[in-house]
Amino acid sequence: MKILNLPHRVVDYLCPVNGLCDIYQWKTGKRIPEELIHYSSTGFMLMSEKNMNPPKRIFLSSCGIGKAQYDIWKDLMGYTVIADEGKEFKGTIEKVKELIDKDIPVIIFGLDMYYLEYLEKFYHKIHIPGHVILMVGYDENYIYVYDNSRMGTNKVSYENLKLAWEKGYIGISKKNAYFGINFTNINWDRKNILNTAFENNASGYLNSNVSFMGLGGFEKFIKEFETWNTVFNKETLRKIYIHLITYTGSILPGLPKELDENNGEIGNNPHRASRDRFAKALLENCDELGDENWKVASKLYEKSGIIIEKIIKGLTEDIILNSYNNINKYIKLFTKLKSVEERAQRCFLK
């Protein structure tokens, strides 16, 4: 039996980075707020592929969760990632145990909450895939984990872990995905970590070298969007709108109650693409970890969140009415959003 004793913070809905922040605090005695990591990847991506369903996918972010997210922060914080996925359970769990034996905590990625026995609300009641926990120990019968929604150590039987872990998560990870986080060159300067990350993201957004991302991608999208109601039929447009709406949930991906009356688990989930959450985090932490520019960016992101919510309300109404002809009303909104987001990103440039 071995259990690592890490600090832990309860922070709802931020499971992808909760373990990473626990480990950083364990190593340094200081915490980087999860909100500043998870919500900072504001941006724009337009994925186009004829064989996709839908063929156009709009994301108001610069990256997703999983390996891409951990890779962004590894050089800034000073850790290496020991990762694997898609292998058989028996061999995978042995590798994970070896990491624990070396005092390397392991992020267990892409679990179905239906099989996690300590989550009474979901266990054998509701399938919710994509959960992320931090493994800090094990014995003959259980692994021991931290969960972003609970204080203290929780245990999961190997049988339940195997079931929770066996399907992966919708194109983000394969089955049995894990990320060992090994700090080998710690950056103790939290202010430097965050400001460098924000500057890198802003520079990438403003000067993207690929045509489907960042400011250039946004401009290209606006021109293209004007033609979509002549290129795609109603059902395809509905799917494109549904995808955008789903991934603008500020807390979690999901549809508003007007489109999914059963979507009640999240509660208040404004469709502001997390701009409201990032704005709040910037304002709350600017004195300790940022500067006056964070306050300016906070106001701008609050404004862009309101614009996004207005766009989403319009798209929702179009879906309900099955009417997709009034494209022009969105062009002004997208153009205004692009302008506000550009100004917000420039706040982080030195």
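Everything numeric in this text was worked out from a predicted model, so none of it was measured.

A few points about the overall build of the chain
Working step 1: Across its full length, the chain carries 12 helices and nine strands.
Working step 2: Dimensions along the principal axes, computed over C-alpha positions, put the chain at roughly 65 × 45 × 35 Å.
Working step 3: Put simply, the chain has 350 residues, and 55% of those count as buried.
Working step 4: In the chain, the proportion of contacts linking residues at least 24 apart, taken out of those at least 6 apart, comes to 66%.
Working step 5: The positive charge centre, built from 47 side chains, and the negative charge centre, built from 44, are 4 Å apart in the chain.

With respect to the pattern of salt bridges
Between side chains of opposite charge, a pair can form as their charged atoms come close.
Working step 1: Enumeration according to the criterion identifies 24 salt bridges in this entry.
Working step 2: A salt bridge links Glu-94 to Lys-97, with the nearest nitrogen and oxygen atoms 3.6 Å apart. Taken together, the residues span about one helical turn, with Glu-94 and Lys-97 both in helix α4 (residues 89-101) at a distance of three residues.
Working step 3: Judged by relative accessible area, Glu-94 falls into the partly exposed class, the value being 39%.
Working step 4: Accessibility expressed as a relative area gives 15% for Lys-97, which makes it buried.
Working step 5: Linking Glu-342 and Arg-346 is a salt bridge whose minimum nitrogen-to-oxygen distance equals 3.0 Å. In this pair, Glu-342 and Arg-346 are both assigned in helix α12 (residues 328-346), four residues apart and thus about one turn of the helix distant.
Working step 6: Residue class for Glu-342 comes out partly exposed when judged on its relative accessible area of 21%.
Working step 7: In this structure, a network of salt bridges that share partners links the residues Arg-9, Asp-22, Arg-31, Glu-34 and Glu-35.

A word on a nonpolar patch on the surface
Working step 1: Together, Met-47, Val-210 and Phe-212 make up a nonpolar patch on the protein surface, roughly 200 Å² of accessible area in all.
Working step 2: Examined against the element boundaries, Met-47 turns out to sit in strand β2 (residues 42-48).

Structural notes on the packing of helix α6 (residues 190-206) against helix α10 (residues 275-289)
Working step 1: Relative orientation of the contacting elements α6 and α10 amounts to 140 degrees, with a least axis distance of 11 Å. Between α6 and α10, the angle falls in the class oblique. Here α6 runs over α10; the crossing is left-handed. Residues Arg-190, Lys-191, Leu-194, Asn-195 and Phe-198 of α6 form the contact with α10, whose participating residues are Phe-278, Leu-282, Glu-288 and Leu-289.

Definitions and limits used
- Counting restarts for each chain, with residues numbered from 1 along the sequence as it is written.
- A pLDDT threshold of at least 70 governs which residues receive local features in this predicted model, and a stricter bar of 80 or more applies before side-chain atom pairs are shown or counted, although totals over entire chains, interfaces and linings include all residues.
- Computation of side-chain values covers all heavy atoms of the structure but excludes hydrogens and water.
- Here a strand is any run of E in DSSP of at least two residues, a helix any run of H or I of at least four, and the numbering for each starts at the N terminus.
- The rule is simple: take the accessible area with a 1.4 Å probe, protein chains only, and divide by the maximum for that residue type; under 20% is buried, over 50% is exposed, in between is partly exposed.
- In this description, contact between two residues means that some pair of their heavy atoms is separated by no more than 4.5 Å.
- In this count, Lys and Arg are taken as positive residues and Asp and Glu as negative ones, while His and the chain termini are left out.
- Each charge is placed at NZ for Lys, CZ for Arg, CG for Asp and CD for Glu.
- Note on definitions: salt bridges are taken to be side-chain nitrogens of Lys or Arg within 4 Å of carboxyl oxygens of Asp or Glu.
- To count toward a patch, a residue needs a relative accessible area above 30% and no salt bridge. Like charges then connect within 9 Å, nonpolar side chains (Val, Leu, Ile, Met, Phe, Trp, Tyr) within 5 Å.
- Only the protein chains shown count as cover for residues, with accessible areas throughout obtained via the Shrake-Rupley method and a probe of 1.4 Å.
- Only the stretch in contact is used when a helix axis is fitted, and all axes are lines through C-alpha atoms; the angle between N-to-C directions ranges over 0 to 180 degrees.
- Angles are sorted into four bins: roughly parallel if under 35 degrees, roughly antiparallel if over 145, roughly perpendicular if 65 to 115, and oblique for all others.
- Each crossing is labelled by how the near helix is turned from the far one, with a counterclockwise turn of less than a right angle marking it left-handed and a clockwise turn marking it right-handed.

This is a description of form; function is not addressed.
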